[in-house]
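# Structure assessment
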Amino acid sequence: MGSLRFPFSLPQLPNPSRWPKPSSFLLAAATVGAGIGFAVNVSSRSAADPSEPYRRPFVRPSPIWASVSLADAPPADTSVEPSTGASFPTSLDGGRRLTGIGLRKSSVLGIKNINVYAFGVYADDSDIKRLSQKYDNVAATELKENKEFIEDVLDQDLRLTVRLQIVYSRLSIGSVRNAFAKTVGSRLQKFSGSENKELLQSFTSLFKDEYKLPKGSVIDLSREQGYVLQIKIDGEDVGKIQSKLLCKSVLDLYFGDDPFDNQAKEDIRSGLASILFE
Ligand code: DAO
Ligand code: DAO
């Protein structure tokens, strides 16, 4: 059955240009825990202006409203997360293509389930297509259920971006740090059998107290070539960490086996699989 939340077919894009190799992260990687190397680079970024108004994302109008004014119509190349109205372009600069969108919720004081952010997962077509030959004999309908395929996407040096759009208006950096230590921390443990405290800390140390994440902030978490996890807030570079394990742990939250949003996981997996069959 088709997904209600991703009601368009994947658009055909021109061949994405290769992204430049990361230039500035430290290659003198420290060796941590079970021999996992990583390197961190922090770039300066001024704190976001908390007074900046939240820019309401475009919401697809119903057919009735659509006839009122064409000027109000959202661009055809966006997809809207329905519970929050957060809108995601169907492709990012550099050619990464949207595979699915979803919602990250969290309970506050153990009771209320709040929407924290909406997310979209983007994949570089040409990188995903490098898996074509291996899965040549797998039927289109079976590929998205194929565990090895998903493992390969999580494990290999394929460029992907998870875009987060903050919808919760009272997010503090402290709660981001705590949540991250819990969710990503559990994945580091699951995949490596060790807590990897230093690796986790190298990441959370990027989350400076002066950063503000008001509603509407956009965070891009990207796996770039060479297993570099790159973080941008509202388009500005916040830092990079080179770690295959960390990249996998972050991606696993969105389309691994125990994701934040099950429907999103299904959509993302279908979207990834469909890239091999076009
Ligand atoms: O206000 O204490 C509170 C509840 C906040 C819940 C936060 C969950 C954090 C999720 C991580 C956000 C990453 C951008
Ligand atoms: O939702 O639990 C989760 C994982 C969220 C990953 C968040 C990464 C946030 C990076 C932004 C740092 C802002 C200073």
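Bear in mind that the values here come from a model prediction, so they are computed numbers and not experimental data.

### Quick notes on the packing of aromatic side chains
Enumeration according to the criterion identifies seven aromatic pairs in this entry. Consider the rings of Phe119 and Tyr254, whose centres lie 4.8 Å apart with planes at 65 degrees: the pair is edge-to-face. In this pair, Phe119 sits in strand S7 (residues 112–124) while Tyr254 sits in helix H7 (residues 244–255), placing the two residues 135 residues apart along the sequence. A residue is classified by how much of its surface remains accessible, and Phe119, at 0% relative accessible area, is buried. Tyr254 gets classed as buried once you look at its relative accessible area, which sits at 2%.

### Observations regarding the site of ligand 2
If you check the shell around ligand 2, you find 14 residues, and the closest are Arg104, Tyr117, Thr183, Phe207 and Tyr211. A distance of 2.8 Å separates an oxygen atom of ligand 2 from a polar side-chain atom of Arg104. Taking Thr183, its side chain carries an N or O atom lying 2.7 Å from an oxygen atom of ligand 2. Alone, ligand 2 offers 430 Å² of accessible surface; in the complex the protein occludes 96% of this. At the level of elements, helix H5 (173–192) and H7 are the ones that each hand at least two residues to the shell around ligand 2. Along the lines of polarity and charge, the residues of the shell around ligand 2 split into twelve nonpolar, one polar and one charged.

### Re the site of ligand 1
Looking at ligand 1, the residues that line it are Arg104, Ser106, Val108, Val116, Tyr117, Ile166, Tyr168, Leu171, Val176, Ala179 and Ile219. Tyr168 places a side-chain nitrogen or oxygen 2.9 Å from an oxygen atom of ligand 1. Here ligand 1 has 440 Å² of accessible area as a free molecule, and 80% of this is covered by the chains. When residues of the shell around ligand 1 are traced back to their parent elements, those giving at least two are strand S6 (96–108), S7 and H5. The element best represented in the shell around ligand 1 is S6, accounting for three residues. For the shell around ligand 1, the per-class residue count stands at nine nonpolar, one polar and one charged.

### A short note on helix H4 (residues 147–155)
Spacing of three or four residues puts side chains on the same side of an α-helix, whose turn is 3.6 residues. Where H4 is concerned, the buried positions are Phe149, Ile150, Asp152, Val153 and Leu154. Those residues of H4 that are buried are in contact with helix H2 (125–128), helix H3 (140–143), strand S8 (160–166), strand S9 (218–224), H7 and helix H8 (262–275). The opening residue of H4 is Asn146, an N-cap whose side-chain oxygen sits 3.0 Å from the backbone nitrogen of Glu148.

### Describing the pairing of S6
With twelve bridges joining them, S6 and S7 adopt antiparallel strand pairing. Bridge assignment links Arg96 to a residue of S7, and that residue is Asp124. Once S6 ends, the chain turns through three residues before running back antiparallel as S7, passing Leu109 with a positive phi of about 50 degrees.

### Side note on the nonpolar core
Ranked by size, the top nonpolar core spans 55 residues in total, and within it Phe149, Phe203, Tyr254 and Phe255 carry the most contacts. Look past the residues within four positions of Phe255 in its chain and what remains in contact with it is Val121, Ile150, Val153, Leu154, Leu160, Lys265, Ile268, Arg269 and Leu272. Of all hydrophobic cores here, the second largest spans eight residues; its members include Ala86, Leu92, Leu98 and Ala118.

### Some remarks on the packing of H4 against H8
Viewed as axis vectors pointing N to C, H4 and H8 meet at an angle of 90 degrees, and their least axial separation amounts to 11 Å. With respect to H8, the axis of H4 lies roughly perpendicular. Here Phe149, Ile150 and Val153 of H4 lie close against H8, whose contacting residues are Arg269, Leu272 and Ala273. Partitioned by chemical class, the residues of the contact of H4 with H8 number five nonpolar, no polar and one charged.

### Examining the side chain of Thr161
Its place among the elements puts Thr161 in strand S8. Given a relative accessible area of 3%, Thr161 falls into the buried group. Polar side-chain contacts of Thr161 include one of 2.8 Å to the side chain of Ser222. Those residues within four positions of Thr161 in sequence are excluded, and the remaining contacts are Leu92, Arg96, Gly120, Val121, Tyr122, Asp220, Leu221 and Ser222.

What counts and how
Residues numbered from 1 in each chain as written. Chains lettered and ligands numbered in written order. Predicted model: local features only at pLDDT ≥ 70, side-chain atom pairs only at ≥ 80, totals over all residues. Heavy atoms only, no water. Phe/Tyr/Trp six-rings, centres within 6.5 Å; stacked < 30°, edge-to-face > 60°. Helix = DSSP H or I, 4+ residues; strand = E, 2+ residues; numbered from the N terminus. Buried < 20%, exposed > 50% of the residue type's maximum accessible area, 1.4 Å probe, protein only. Near = heavy atom within 4 Å. Polar contact = N/O pair within 3.5 Å; in protein donor to acceptor, adjacent residues only side chain to side chain. Areas by Shrake-Rupley, 256 points an atom, 1.4 Å probe, with all protein chains shown as cover. Nonpolar A, V, L, I, M, F, W, Y, C, P; charged D, E, K, R; others polar. Contact = heavy atoms within 4.5 Å. Pairing = 2+ DSSP bridges. Core = buried A, V, L, I, M, F, W, Y, C linked by side-chain atoms within 4.5 Å. Axes fitted to C-alpha atoms, helices over the stretch in contact; angles between N-to-C directions. Parallel < 35°, antiparallel > 145°, perpendicular 65-115°, else oblique.

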